[in-house]
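# Descriptive analysis of the structure
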There are 2 protein chains.
Amino acid sequence: MSKLVIVGTVAFDAIETPFGKTDKILGGAATFIGLAASQFNVNAAVVSVVGGDFPQEYLDLLSDRDIDISGVEIIKEGKTFFWSGKYHNDMNTRDTLATELNVLADFNPAVPEAFKDANVVMLGNLHPLVQMSVLEQMKKKPKLVILDTMNFWMDCALEALKAVIKKVDVITINDEEARQLTGEYSLVVAARKIQKMGPQYVVIKKGEHGALLFHDENVFFAPALPLEEVFDPTGAGDTFAGGFAGFLAKTEDYSFENMKNAVIYGSTLASFCVEKFGTERMQTLQDKEIYRRLDQFKQLTQFEIVLENN
Amino acid sequence: MSKLVIVGTVAFDAIETPFGKTDKILGGAATFIGLAASQFNVNAAVVSVVGGDFPQEYLDLLSDRDIDISGVEIIKEGKTFFWSGKYHNDMNTRDTLATELNVLADFNPAVPEAFKDANVVMLGNLHPLVQMSVLEQMKKKPKLVILDTMNFWMDCALEALKAVIKKVDVITINDEEARQLTGEYSLVVAARKIQKMGPQYVVIKKGEHGALLFHDENVFFAPALPLEEVFDPTGAGDTFAGGFAGFLAKTEDYSFENMKNAVIYGSTLASFCVEKFGTERMQTLQDKEIYRRLDQFKQLTQFEIVLENN
C-alpha cells in the first residue's frame, strides 16, 4: 500500500461564524489533511506535536482511521497550538483573534522510520524550516512532494520558503499569496513564475471560486461546488490538499491528467468540510456521499459541444 | 433561419484602464450583443437609438455582419448615448466618469415588422419599461426571452423591473446584483428566489470567476478562461449574453443541456472581447479562433473520473 507522510499542525481551534461559535475544538492542518486522505486506501502517517492538554480521544480519532500517529510528539508539560478566528458575514474573510504557538514554537519533526521511504510527502502549512527538515529525513526521494504554505512565511521567512519551494513537485497556494509571492496580478503569469521557482505543478486555490492547476502550458480548473450555505470554511484548504494528496498516493499516477482528478477529489472533500464546524462533517463522511457529490461535480462542469471545425 | 431581436444601447464609450485610454469609441450593450450573436448563422436585428453624431461606419460595421439595423432610430438633432469609465488596477472594479443619456432619455423602441415573430428576444440592459415595450410589440410569443439588467434599475425602477422579470425565460445578472435583488448572500438560494420571480433559467455572471446556470435543481458552471492579461473588460457581459442568445437562436434547442453549451459559447466569446479595447477584438474574430478556444475550454474543465460506486 502506498505510503503518505503528512506534516502539519494538530491543534485546538475556536471558531466564530455568523452561524455560531465553538469552544476549543479539534483543528490543525495535519488533522484536516489526514482526515481527508484517510478516505483513500493509503498508509498515512501524521508528523506533528501536541501538548499534555490534548485529549486522547482526538488522537484516537486519527488512529481509528488507520492514520499512523507515532510521529505525533506529545510534550506533557506543554500546551497545544491554539488558533482562534472570527469569520465576517461574507465567510471569505476572517480576523484572527488569537494565535498561541505553545509547543509548536520548538517543533522538531521526526518522521517515523517506517515512513522514510514514503511515495508521497504532504508538507502542510508550517515554518519552511520544519518542512525542509521533513524532506531531509526521507531516505528515498519521494515520488511526489506537495507543499502548502501561506503569506505569513513570505513576510517573515521568505528565503527559507524559497529554499523549500525549490525542492517540491507541487505547491498549493491561494490566489492572493500567489500574487504576493510573484508580484504578478495575473494568475496565469504568477503560476508560470512559480513553476520557474521549482514546482512543476502549481495549484492556485480561490476559495469559493474554485482552484486552478497549472503545468507547463496546461491549465485545469475545478469550481467549488455551489452550496446553499457555507457554515465554517476552517480547514477547507487543508481538506482540499488532503484529498489531492490522498488520491495521488492511492492511484500512484502523478501525471497531469490524473492530477485533474485529484483536484476534483480535493474540491469534493472540501465541499463537505465547510458544512459543519471544524472536523465534524469529515468525521461522519461516507464513501457513498462522496460518490454522489463527484457525480454532482460532473453535472456541474461537463458539457457536450461537438466542435464542427478543429 | 432563426430570428433574433436584440434591444439595447448603441453608444459611444471612452475607457481608461491601467493599459491605456481611448477617445470616444464604439460601445453599447446591443453593439456587443450583436457582434457576438453575428458569429452564428442567425437573422439578427438590433433595436436601438443613436444621434446625428453617430458615424455611418459604425452602423456599417453592424450591417456588414448581416445585422438588420432598420430598428436603429437615428435622431439627427440628438446626441448619442455616451458612457465613460475608468478601471482600477484589479480590472474588476471601475468608476463611472460620465453618463450622458442624450437620445436614450426618450427612447421609444420600434421592433421592425419582419422581426415581430422572432424566436428569440434578447433584452439588453436598459430601462425595464423599454424592455417591456419590446416584448409587447412581439406578434407571436417568442420561444425564448432573455433579460439582462443591472443594479441601477433595482435602485430606481424596481417595480417595472419585477414586471419584466416575470415575463422572461432567462435572466442574466451578476453576483452582486443577484444578492441585491433577493437579499440572499448564497447564490444558490438567490437563484432559487429569482426563479420564483419568473425566469425558469438564471445565469449568474461572476466576471473573472465565471458564470453559473441554474434551472430547477440543476446547476452548471463555466469558468472564465484564465488569461494572461485582461486588457479591457468593457462589453464582456454583453458579449457573453450575445454568444448565449446567438447560439440558442441558431440551434433552436432551448433545453438546459443545450444552454450549458450556450454558456460555454458565451464565455468563449467574452474571453476574446476583453483582449482589446471596446469592440476591436470582436471585429476581427475568426471561426477558427473560436473553435481553438472552445477546445481550450474543454481542456480546462473536462475530466475523466470513473466512479467506482454510484
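Quick summary incoming for the structure in this document. (Residues numbered from 1 in each chain as written. Chains lettered and ligands numbered in written order. Predicted model: local features only at pLDDT ≥ 70, side-chain atom pairs only at ≥ 80, totals over all residues. Heavy atoms only, no water.)

### Description of the relation of the copies chain B and chain A
For clarity, the threshold we go by: Superposition of the copies used a least-squares fit over C-alpha atoms from residues whose pLDDT is at least 70 in both. By the convention used here, residues are in contact when the closest approach between their heavy atoms is within 4.5 Å.
Of the transformation superimposing chain B on chain A, the axial component is 0.0 Å and the angular component is 180 degrees, with the fit at an RMSD of 0.0 Å. Such a combination of turn and shift is consistent with a two-fold rotation axis. A high fraction, 100%, of the interface residues of chain B reappear at the interface in chain A, so the copies pair face to face through one surface.

### Notes on the environment of Leu59 of chain A
All names here are of chain A. Our working definition: Secondary structure is summarised from DSSP: a helix means a run of H or I of at least four residues, a strand means a run of E of at least two, and numbering begins at the N terminus for each. Only protein chains enter the accessibility calculation, which uses a 1.4 Å probe; a residue whose area is less than 20% of its type maximum is buried, one above 50% is exposed, and one in between is partly exposed.
Note that Leu59 resides in helix α2 (residues 56-63). The exposure class assigned to Leu59 is buried, which follows from its relative accessible area of 4%. Linking Leu59 and Gly85, residues 26 residues apart in sequence, is a C-alpha distance of 23 Å.

### Some details on the interface of chain B and chain A
What counts here: Here the quantity called buried area is the total loss of accessible area, with a 1.4 Å probe, experienced by two parts when brought into contact, counted for both. The salt bridge criterion pairs a side-chain nitrogen of Lys or Arg with a carboxyl oxygen of Asp or Glu, the two atoms within 4 Å. N or O atoms closer than or at 3.5 Å make up a polar contact, with two conditions inside protein: a donor-capable atom paired with an acceptor-capable one, and, for residues adjacent in sequence, both atoms drawn from side chains.
Contacts between the two partners involve 39 residues from chain B and, on the opposite side, 39 residues from chain A. Contact between chain B and chain A buries roughly 3,900 Å² in total, counting both sides, with carbon and sulfur atoms accounting for 56%. Ranking the residues of chain B by area buried against chain A places Tyr291, Phe303 and Ile305 of chain B at the top, with a combined share of 18%. Counting every contact that joins chain B to chain A gives two salt bridges. Here Arg192 of chain B makes a salt bridge to Glu228 of chain A, at a shortest N to O gap of 2.7 Å. Our count for the contact surface shared by chain B and chain A stands at 18 residue pairs in polar contact (both at pLDDT 80 or more). At the level of elements, α7 (187-197), β14 (218-222), α9 (256-273) and α11 (287-301) of chain B are the ones that each hand at least two residues to the side of chain B that touches chain A.

### Section: the pairing of strand β1 (residues 3-7) of chain A
All names here are of chain A. Stated precisely, the cut-off is as follows: The criterion for strand pairing is that DSSP finds at least two bridges linking the strands in question.
Most of β1 is tucked away: four of the five residues are buried. The pairing of β1 with strand β5 (residues 43-51) spans five bridges and is parallel. Bridged to Ile6 within β5 is Val46.

### Overview of the packing of helix α8 (residues 236-251) of chain B against α9 of chain B
Residues and elements named next belong to chain B. Which entries qualify depends on this criterion: Between N-to-C directions, angles cover 0 to 180 degrees, with each direction set by a line fitted to C-alpha atoms, over the stretch in contact for helices. Should an angle fall under 35 degrees it is called roughly parallel, over 145 degrees roughly antiparallel, and 65 to 115 degrees roughly perpendicular, with every other angle called oblique. Two helices that cross are described as forming a left-handed crossing if the nearer one is turned anticlockwise from the farther one by less than a right angle, and a right-handed crossing if clockwise. Amino acids outside the nonpolar list (Ala, Val, Leu, Ile, Met, Phe, Trp, Tyr, Cys, Pro) and the charged list (Asp, Glu, Lys, Arg) are all regarded as polar, and Gly is one of them.
Interhelical geometry of α8 versus α9 gives an angle of 140 degrees and a closest axis separation of 7 Å. Classified by the angle between their axes, α8 and α9 sit oblique to one another. For the element pair α8 and α9, the recorded crossing hand is right-handed. Counting all contacts with α8, which are made through Ala236, Thr239, Phe240, Gly243, Phe244, Phe247, Leu248 and Thr251, the residues of α9 involved are Asn258, Met259, Asn261, Ala262, Val263, Tyr265, Gly266, Ser267, Leu269, Ala270 and Cys273. Within the contact of α8 with α9, the residues separate by chemical class into 12 nonpolar, seven polar and no charged.

### Comments concerning the packing of aromatic side chains
Selection criterion: Only Phe, Tyr and Trp rings are paired, with Trp represented by its six-membered ring, and only when their centres lie within 6.5 Å; those with planes under 30 degrees apart are stacked, over 60 edge-to-face, the remainder tilted.
In the structure shown here, the tally under the stated rule is 23 aromatic pairs over all chains. For the pair Phe19 of chain A and Phe231 of chain A, a centre-to-centre distance of 5.4 Å together with 15 degrees between the ring planes defines the contact as stacked. Of this pair, Phe19 of chain A sits in the loop between β2 (11-17) and β3 (20-21) while Phe231 of chain A is found in the loop between β14 (218-222) and α8 (236-251), placing the two residues 212 residues apart along the sequence. Residue classification places Phe19 of chain A among the partly exposed residues on the basis of a relative accessible area of 41%. Seen in terms of ring centroids, Phe12 of chain B and Phe54 of chain B are 5.5 Å apart; in terms of plane orientation they differ by 45 degrees. Their pairing is tilted.

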